[in-house]
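Take a look at the letters that make up each chain.
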Amino acid sequence: MFSKNLKYYRLKKNMNKKELASLVGVTPMAISHYENGMRRPGMEVVKALAKALDVRVADFLNSRNKNLVFMHGEFRKGSRLTEKQQEYVRESVEEYMSRFYTIVDILGGEVLPEAPACHGVCLSSNSEDERYHSFDR
């Protein structure tokens, strides 16, 4: 939760780890560990992170669905965005979808309505004549 939100807000502010680390007074490696969930910062560091990113401390605690991961193989290949911008897009999509599914859960509904009934046509490949007659069945 904290780690994904930290990364999201850092990318949203268009900061790299080194810039954020210098504002907070920690090393870029510490920021990396926080974002990867390998370490947890103390409350003073959390407050400094919130101030540097211009968010509330509570914003780091927003629930995120850990099962939602935006991955698209073609995204990087054809993109003109920098890697940092692509990372921000990925995090934004995950954040948006996480909020969407949370609201669906709260409302107790389904994500998509049931698919409407579709009419089908039977086709036969036995002969040319049968294929045309199969529409009448």
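For the structure itself, look to the data block above.
Cut-offs used in this document
The numbers attached to residues start from 1 for each chain and follow its sequence in the written order. This being a predicted model, a pLDDT of at least 70 is required before a residue's local features are given, and a value of 80 or more before pairs of side-chain atoms are given or counted; all residues contribute to the totals for chains, interfaces and linings. To obtain the side-chain values, all non-hydrogen atoms of the structure were included, while hydrogens and water were left out. Angles run from 0 to 180 degrees between N-to-C directions of axes, and those axes are lines fitted to C-alpha atoms, restricted for helices to the stretch in contact. Secondary structure elements are defined from DSSP: runs of H or I of at least 4 residues count as helices, runs of E of at least 2 residues count as strands, and each element is numbered from the N terminus. Roughly parallel means an angle under 35 degrees; roughly antiparallel, over 145; roughly perpendicular, 65 to 115; everything else is oblique. For this analysis, residues touch if any pair of their heavy atoms sits within 4.5 Å. We define a nonpolar core as any set of buried Ala, Val, Leu, Ile, Met, Phe, Trp, Tyr and Cys residues linked to one another through side-chain atoms lying within 4.5 Å. Residue burial is assigned from relative accessible area. The probe radius is 1.4 Å, only protein chains are included, and a residue is buried under 20% of its type maximum, exposed over 50%, and partly exposed in between. Under the scheme applied here, ten amino acids are nonpolar (Ala, Val, Leu, Ile, Met, Phe, Trp, Tyr, Cys and Pro), four are charged (Asp, Glu, Lys and Arg), and all others, including Gly, are polar. Only protein atoms enter the 1 Å grid used here, on which a cavity is any set of points holding a 1.4 Å probe that cannot leave and a pocket is any open set flanked by protein within 12 Å on both sides along at least five of seven lines; residues with an atom within 4 Å of a point are listed as lining. Grid points are joined across faces, edges and corners, and a volume is the space filled by probe spheres set on the points.

**What about the packing of helix α1 (residues 2-12) against helix α3 (residues 28-36)?**
Then, in step 1: Two elements in contact, α1 and α3, have axes separated by 6 Å at closest approach and are oriented at 125°. One way to sum up the angle between α1 and α3 is to call them oblique. Residues F2, S3, L6, K7 and R10 of α1 pack against I31, Y34, E35 and N36 of α3.

**What to know about the nonpolar core**
Then, in step 1: Core analysis: the largest hydrophobic core is formed by 19 residues, its most contacted members being F2, L6, L20, Y34, L49, L53 and F60.
Then, in step 2: At the level of secondary structure, the elements contributing two or more residues to this core comprise α1, α2 (17-24), α3 and α4 (43-53).
Then, in step 3: With six residues, the top contributor of residues to this core is α4.

**So, the side chain of R10**
Then, in step 1: By the element assignment, R10 lies in helix α1.
Then, in step 2: With residues near it in sequence (within four places) discarded, R10 still touches M15, N16, K17, L20, I31, E35 and L53.

**What about the packing of α2 against α3?**
Then, in step 1: For the pair α2 and α3, the least separation of the axes is 8 Å and the interaxial angle reads 105°. Classed by the angle they form, the pair α2 and α3 counts as roughly perpendicular. Contacts between α2 and α3 pair K17, K18, L20 and A21 from the former with P28, I31, S32 and E35 from the latter.
Then, in step 2: Here the residues of the contact of α2 with α3 are counted per class, giving four nonpolar, one polar and three charged.

**Quick look at the layout of surface pockets**
Then, in step 1: The space that makes up the largest pocket amounts to roughly 270 Å³.
Then, in step 2: Taken together, 13 residues make up the lining of the largest pocket; nearest its centre are F2, S3, R40, P41 and L61.
Then, in step 3: Going through the elements one at a time, α1 and α4 are the ones with two or more residues in the lining of the largest pocket.
Then, in step 4: Broken down by class, the residue content of the lining of the largest pocket amounts to nine nonpolar, two polar and two charged.

In short, shape yes, function no, at least from these values alone.
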